[in-house]
Amino acid sequence: MNFENIPFLDLITPHRELEDQLVQVFRNALRSAAFIGGAAVESFEADFAHYCGSKHCIAVNSGTDALRFAVIASGVKPGDVVVTVPNTFIATTEAISQAGALPEFVDIDERTYNMDPQKLREYLEQQCRREGNRVISRRSGRPVTAVIPVHLYGQMANMDAIQALADEHGLIVIEDACQAHGAEYFSQRDQRWRRAGTMGRAAAFSFYPGKNLGACGEAGAITTDDDELASTTRMLRDHGQSRKYYHDIEGYNGRLDAIQCAFLSVKLQHLPGWTESRRAHAKLYTELFAEAGAAIITPQQPAWSKPVYHLYVVRCKDRGTLQAKLAAVGIGTGIHYPVPLHQQEAYGGLSYKLGDFSVAEAVAEEIVSLPMFPQLQRSQIERVVAAVSTYAVRAERQAVGLIG
Ligand SMILES: *Cc1c(COP(=O)(O)O)cnc(C)c1O
């Protein structure tokens, strides 16, 4: 057969486009030998804070470290419960556990794949009891002190509703914004659009290479408006030092290399354009799928949301066959994520069972992530849609018994 492959993600083209600038950054780093800390780090932190609209940005090793430091610095104590969703990357719950806390889950909204505020309300009102002003989880007997909504696929969770419940129950909100650089949410409460990373007490971003803003290696950041949380996070990433060899607390080696910060500063200038491309691709996908009928469920975008389409995820029956058919014509796909966290072996000890989060479980069987990256071409999107539609129409006819 004669066709051009369409990768799920193309990381080569953007780096070829920026090669001269990135090599220059590397040369400058070698010549100054300022590898840890310094102007490159501070400059990226200032730029990314400005981009998000937050007061502080603290650059760290990874999104996972960003989450862990945010959990610790926000005041979650060992033994506390932190509530999140089961359909996220395991880093969300690793950060909770590694801060000494215990993850518990609430189910998602089928339309947005994000935390369902109604399910959070049911959890807090029916699965917890009040002791004075503390909220105690009945399943673990431990105090619930924080909630981590995940802005999955680049679309923000319904933050007003989550924040209102958190306020009512005295919980800290930490955003997992690792997939949502620049995503926006219209806050009714504030009567304005707000970016990911500005709505919780703190937020965590990942700059893993495949993210919308990616380093040339591992990287992450915390954003916050809270001065004290910012200074605690700066200490946590640097062995708990407030100044060299004076350790106020025990911390970690969680700093971000200066060279990665300089790479990120170069790339951050391109992020608004890349985001617009992703949005245009998503719009085209959705328009073309509309012609193809109901067999494919495309992403929903509530009026209060301006997603950044880290991933373009559709739902269909018999997802495995679709993936195989697409692979056979050179089209790459992914699944984010195939196994909800409460069903992972690593979390057997949490004693959840099949059926506990029926929406997340059902969705995990049917989702497939289609090619999505800024440099994707219109003709490539048309080919993906044609291939998916051919399969879907056939699958539907099969389902109603028209063909064998
Ligand atoms: C990528 C990601 C993380 C972890 O980020 P790393 O930089 O890989 O440590 C956490 N949460 C979500 C939702 C992610 O997509």
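Residues numbered from 1 in each chain as written. Predicted model: local features only at pLDDT ≥ 70, side-chain atom pairs only at ≥ 80, totals over all residues. Heavy atoms only, no water.

### Here we look at the domain arrangement of the chain
Here is step 1: Here the chain is partitioned into domain 1 (12–268) and domain 2 (272–399).
Here is step 2: Each of domain 1 and domain 2 has a C-alpha centre, and the two are 25 Å apart.
Here is step 3: On the side of domain 2, 35 residues touch domain 1, which itself brings 49 residues to the contact.
Here is step 4: Summing both partners gives a buried area of about 3600 Å² for domain 1 against domain 2, and 59% of it is carried by carbon and sulfur.
Here is step 5: On the surface where domain 1 and domain 2 come into contact, there are one salt bridge.
Here is step 6: We note a salt bridge from Arg 315 to Glu 110, for which the minimum N-O separation is 2.9 Å.
Here is step 7: Remark: the boundary between domain 1 and domain 2 carries 20 residue pairs in polar contact (both at pLDDT 80 or more).
Here is step 8: Counting residues per element, the ones that place at least two in the side of domain 1 that touches domain 2 are helix H1 (12–17), helix H5 (91–98), strand E3 (102–105), strand E8 (184–187) and helix H9 (258–268).
Here is step 9: In terms of residue count, E3 provides more of the side of domain 1 that touches domain 2 than any other element does, four residues in total. (Domains from an automatic or database assignment. Contact = heavy atoms within 4.5 Å. Buried area = accessible area lost by both parts, 1.4 Å probe. Salt bridge = Lys/Arg side-chain N within 4 Å of Asp/Glu carboxyl O. Polar contact = N/O pair within 3.5 Å; in protein donor to acceptor, adjacent residues only side chain to side chain. Helix = DSSP H or I, 4+ residues; strand = E, 2+ residues; numbered from the N terminus.)

### Regarding the pairing of strand E10 (residues 202–206)
Here is step 1: Counting buried residues in E10 gives five out of five residues, a clear majority hidden from the surface.
Here is step 2: Both faces of E10 are covered, namely the face carrying Ala 202, Ala 204 and Ser 206 and the face carrying Ala 203 and Phe 205.
Here is step 3: Judged from the four bridges that link them, E10 and strand E11 (residues 220–224) form a sheet pairing that is antiparallel. Bridged to Ser 206 within E11 is Gly 220. (Buried < 20%, exposed > 50% of the residue type's maximum accessible area, 1.4 Å probe, protein only. Pairing = 2+ DSSP bridges.)

### Considerations on the pattern of salt bridges
Here is step 1: Evaluation of the coordinates by the stated rule reveals 19 salt bridges.
Here is step 2: The shortest N-O distance in the salt bridge between Glu 366 and Arg 315 comes to 3.1 Å. On the criterion of sequence distance, the pair formed by Glu 366 in helix H12 (residues 358–366) and Arg 315 in strand E15 (residues 312–315) is long-range, its members being 51 residues apart.
Here is step 3: The partner of Asp 356 in a salt bridge is Lys 353, and the shortest N-O contact between them spans 3.0 Å.
Here is step 4: The exposure class assigned to Asp 356 is partly exposed, which follows from its relative accessible area of 29%.
Here is step 5: Among the residues examined, Lys 353 registers a relative accessible area of 55% and is labelled exposed.
Here is step 6: One connected set of salt bridges, linked through shared partners, spans Glu 110, Arg 315, Lys 317 and Glu 366.

### Some thoughts on the pairing of strand E7 (residues 172–176)
Here is step 1: Among the five residues that make up E7, five are buried, leaving the element largely enclosed by the rest of the structure.
Here is step 2: Here E7 shows a buried face lined by Ile 172, Ile 174 and Asp 176 and a second buried face lined by Val 173 and Glu 175.
Here is step 3: Where the polypeptide runs from strand E6 (residues 144–147) across helix H7 (residues 159–169) and back to E7, its parallel neighbour, the crossover connection is right-handed.
Here is step 4: As paired strands, E7 and E10 are joined by three bridges and run parallel to one another. Within E10, the position partnered with Glu 175 by the bridge is Ala 203. (Right-handed = clockwise from strand over helix to strand, strands pointing away.)

### A word on the packing of aromatic side chains
Here is step 1: All chains considered together, the criterion is met by 16 aromatic pairs.
Here is step 2: For the pair Phe 48 and Tyr 51, a centre-to-centre distance of 6.0 Å together with 25 degrees between the ring planes defines the contact as stacked. One end of the pair is Phe 48 and the other is Tyr 51, both in helix H3 (residues 39–52) and three residues apart, which spans about a single turn. The burial state of Phe 48 is the same as that of Tyr 51; both residues are buried.
Here is step 3: Here a set of aromatic residues connected by ring pairs shows up, and it is made of Phe 44, Phe 48, Tyr 51, Phe 205 and Phe 207.
Here is step 4: The positively charged end of Arg 195 is found above the aromatic ring belonging to Tyr 51, 4.5 Å away from the centroid.
Here is step 5: Of note, Lys 306 hangs over the ring of Trp 193, and the distance from its end group to the ring centre comes to 4.2 Å. (Phe/Tyr/Trp six-rings, centres within 6.5 Å; stacked < 30°, edge-to-face > 60°. Lys NZ or Arg CZ within 6 Å of the ring centre and 35° of its normal.)

### A closer look at the nonpolar core
Here is step 1: Counting residues in each nonpolar core, the largest one holds 76 residues, and the members touching the most others are Phe 48, Leu 120 and Phe 207.
Here is step 2: Among the elements that make up this core, the one with the highest residue count is H9 (eight residues).
Here is step 3: Looking at which domains feed residues into this core, each of domain 1 (12–268) and domain 2 (272–399) supplies at least three.
Here is step 4: In this structure, Ala 282, Leu 284, Tyr 285 and Leu 322 belong to the second largest nonpolar core, which totals 26 residues. (Core = buried A, V, L, I, M, F, W, Y, C linked by side-chain atoms within 4.5 Å.)

### A word on the packing of helix H6 (residues 117–126) against H7
Here is step 1: One can describe the packing of H6 onto H7 by two numbers: an axis separation of 9 Å at closest approach and a directional angle of 15 degrees. As the angle between them shows, H6 and H7 are arranged roughly parallel. Between H6 and H7 the crossing geometry is right-handed. Across the interface between the two elements, Pro 117, Leu 120, Arg 121, Leu 124 and Glu 125 of H6 pack against Ala 161, Ile 162, Leu 165, Glu 168 and His 169 of H7.
Here is step 2: Tallied by class, the residues present in the contact of H6 with H7 amount to six nonpolar, one polar and three charged. (Axes fitted to C-alpha atoms, helices over the stretch in contact; angles between N-to-C directions. Parallel < 35°, antiparallel > 145°, perpendicular 65-115°, else oblique. Left-handed = near helix turned anticlockwise from the far one by under 90°. Nonpolar A, V, L, I, M, F, W, Y, C, P; charged D, E, K, R; others polar.)

### As for the layout of surface pockets
Here is step 1: Considered as a void within the structure, the largest pocket measures approximately 500 Å³ in volume.
Here is step 2: Lining the largest pocket are 26 residues, and of these Phe 89, Gln 179, Tyr 208, Lys 211 and Tyr 337 lie nearest its centre.
Here is step 3: A per-element tally of the lining of the largest pocket places helix H4 (residues 63–73) first, with three residues.
Here is step 4: For the lining of the largest pocket, a count of residues per class yields 12 nonpolar, 10 polar and four charged.
Here is step 5: Roughly 330 Å³ of internal volume is contained in the second largest pocket.
Here is step 6: Lining the second largest pocket are 18 residues, and of these Lys 317, Tyr 391, Ala 392, Ala 395 and Glu 396 sit closest to its centre. (1 Å grid on protein atoms, 1.4 Å probe; cavity = no way out; pocket = protein on both sides within 12 Å on 5 of 7 lines; lining within 4 Å. Points joined across faces, edges and corners; volume = space filled by probe spheres on them.)

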